[in-house]
Each structure stands twice: as C-alpha cells, then as structure tokens.
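Commentary on secondary and tertiary structure
Chain by chain, the residues run as shown.
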Amino acid sequence: MSRARVGWFFAVAVSAVVWSAQALVGHAVRLENQPIVMMIRSGEAVPEKRALAASIADYESALKWAPCNIALHAELSLLLAQDADAAMALPDAKQGDSALEAMQKMLVSRLACTPRDGKAWLDVAMVDVFREGATPRALSAYRMSALAAPGESWLAKKRLEFALGFLPILTARELAVARADLSVLERAHPNNMIAIQTAAQVENKPALYAIFGATVPVDEP
C-alpha cells in the first residue's frame, strides 16, 4: 500500500475517532442534564440557581470538544435564557447584563456553525435590544433572521412581534421584512394574524397592513 493511501486511511480513522468522541461527550452531557432541561421546558418548576449554573458549565465544557453540536447549542440556549430571566429580575443590573452577555456569546458561536438559523439571528437581535437598545446591529440581526429563514410562519410571527416594538425607528429595509412576514403568515396561519393584530392594537387587518406601509392583498378571482 502506498504512503499516500496509508496516510489517507490514517486521516479517516483519526476523523472517525474524533467524531465518535465528540458524539459521546455530547450525548453524556445531554443525558445527565435532561431533568433540568425538561423542568425548564415544562415550566412546572424553577431550577435551583446552583444546579442551573452547574448544567451551564457542563454544556459549555462539552462544546469545547464538540463546538458545532446543534443539540448542545439548543439546550444551552434554553439554560442561558432561564439564567438571564432570573438575573434580570434581580436588583443588580450587572448580573442581568452578564447573563445576557453569556447568551450573546453563545449565539455568536452557534451562528458560526449554523449561519442559516433564523431563530438564532432573531435571538441575537432580542439580546442586543435588551443590552443596548435597538441599535443598527440589532436591526441587522433582525433582517438576517428573515434572510436565513424567510418562509417559516412561526418565525415570521415572532419577527412581526419584534418589529411592532420598534415601529418608529424602522427603516424601509425593516418594513420590507415585516411586509414579507405578513404575507407568509397570511398564507400559512391566517388565525395568527389576529394575534398580531391584537399586539398591534388595531381593529382590523387593513389597519395592521397599513402600519407597515402595505395594503391587504386582493385574492385572485
């Protein structure tokens, strides 16, 4: 067997071992922390602060070995969001900002692996807003969410809710995103339009469309 072929087989073998190790680390961490993850998802109880911090540390350590394990990122997002919610309820603003900063860093790492994750882009926008207000960077992340996932109706609804909070400062680019999301929601889940209408505090669909500089589309005969 030639040296080149031996080298190729060796590289493949090493890659397989590394991949297996990463998968095992991720599986072990997720299995150990499922009780606290399920507790947060169910909303039936609030995890104890020390246990939450330990779980976050476990996931962060695992991601050093498996930096693009999407399941680890998703569950760490849940844990960090829970931590941020608790920290922001405290009188010490620094604790809330530190928790949001940790969330922000994790989302940046996640997007480095999955740049077409529209939900992660919207989460970046929301975290930026909490930390610094509706900055150009936050609005850029909002637009990136639509660029990455333009046709997902559940995400279109979340983006519209986000947009409603910042109507006075939206530029033509953000308004175009909102109009596109209205079209997506109209086609996929017309009933959700009522929820957006309620959030916008308008009485009818034409008034909702008008907020974003649009008119209700007329159906083809």
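Note that this is a predicted model, so its numbers are computed, not measured.

**Overview of the packing of aromatic side chains**
Counted under the stated rule, the structure contains 2 aromatic pairs. Here Y142 and F162 contribute two aromatic rings whose centre-to-centre distance is 5.3 Å and whose plane-to-plane angle is 20 degrees, an arrangement assigned as stacked. Here F162 lies in helix α7 (residues 153-164) and Y142 lies in helix α6 (residues 136-148), a separation of 20 residues in the sequence. F162 carries the same exposure label as Y142, and that label is buried. Taking the centre distance of 5.1 Å and the plane angle of 50 degrees together, the rings of F162 and F166 count as tilted. Accessibility classification places F162 together with F166 in one group, the buried group. Grouped by ring-pair contacts, the aromatic residues Y142, F162 and F166 constitute a single cluster.

**Describing the nonpolar core**
Ranked by internal contacts, the top residues of the largest apolar core, which has 55 residues, are L79, Y142, F162, L208 and F212. The leading source of residues in this core is helix α5 (residues 118-132), at 7 residues. Setting aside anything within four residues of it in sequence, one finds L208 in contact with L182, M193, I196, Q197, A200 and V202.

**Concerning helix α2 (residues 49-65)**
Taking 1.5 Å of rise per residue, 17 residues should cover 24 Å, and α2 covers 25 Å from first to last C-alpha, within 8% of that figure. Looking at α2, one finds that the buried residues are L52, S55, I56, Y59, A62 and L63. Take α2 and look down its axis: the buried residues cluster within an arc of 130 degrees, on one side only. Structural note: α2 exposes R50, K64 and W65 on the side pointing more than 90 degrees away from its buried face.

**Comments concerning the packing of α5 against α7**
It is at 11 Å that the axes of α5 and α7 come closest, and there the two elements cross at 15 degrees. With respect to α7, the axis of α5 lies roughly parallel. Viewed along their axes, α5 and α7 form a crossing whose handedness is left-handed. Residues G118, K119, L122, A125, M126 and V129 of α5 form the contact with α7, whose participating residues are W154, L155, K158, R159 and F162.

**Here we look at the side chain of N69**
Secondary-structure assignment places N69 in the loop between α2 and α3 (70-88). The residues touching N69, leaving out its near neighbours within four places in the chain, are G26 and L63.

**Looking at the pattern of salt bridges**
Applying the stated rule across the entire model yields 11 salt bridges. E174 is the partner of R143 in a salt bridge, and the nearest nitrogen-oxygen pair spans 2.3 Å. Note that R143 is positioned in helix α6 and E174 in helix α8 (residues 172-188), a separation of 31 residues in sequence. On the basis of relative accessible area, R143 is assigned to the buried category, the value being 18%. Judged by relative accessible area, which is 1%, E174 ranks as buried. One salt bridge in this structure joins K205 and E186, with 3.1 Å as the shortest N-O distance.

**As for unusual backbone geometry**
Even without glycine at this site, Q201 takes up a positive phi of about 60 degrees. Looking at the element boundaries, Q201 is found in the loop between α9 (190-200) and α10 (205-211). Taking the relative accessible area as the measure of exposure, Q201 reaches 74% and is therefore exposed.

Calculation criteria
- Residues numbered from 1 in each chain as written.
- Predicted model: local features only at pLDDT ≥ 70, side-chain atom pairs only at ≥ 80, totals over all residues.
- Heavy atoms only, no water.
- Phe/Tyr/Trp six-rings, centres within 6.5 Å; stacked < 30°, edge-to-face > 60°.
- Helix = DSSP H or I, 4+ residues; strand = E, 2+ residues; numbered from the N terminus.
- Buried < 20%, exposed > 50% of the residue type's maximum accessible area, 1.4 Å probe, protein only.
- Core = buried A, V, L, I, M, F, W, Y, C linked by side-chain atoms within 4.5 Å.
- Contact = heavy atoms within 4.5 Å.
- Expected span 1.5 Å × (residues − 1).
- Arc of directions from axis to C-beta.
- Axes fitted to C-alpha atoms, helices over the stretch in contact; angles between N-to-C directions.
- Parallel < 35°, antiparallel > 145°, perpendicular 65-115°, else oblique.
- Left-handed = near helix turned anticlockwise from the far one by under 90°.
- Salt bridge = Lys/Arg side-chain N within 4 Å of Asp/Glu carboxyl O.

Nothing here speaks to function; it is all geometry.
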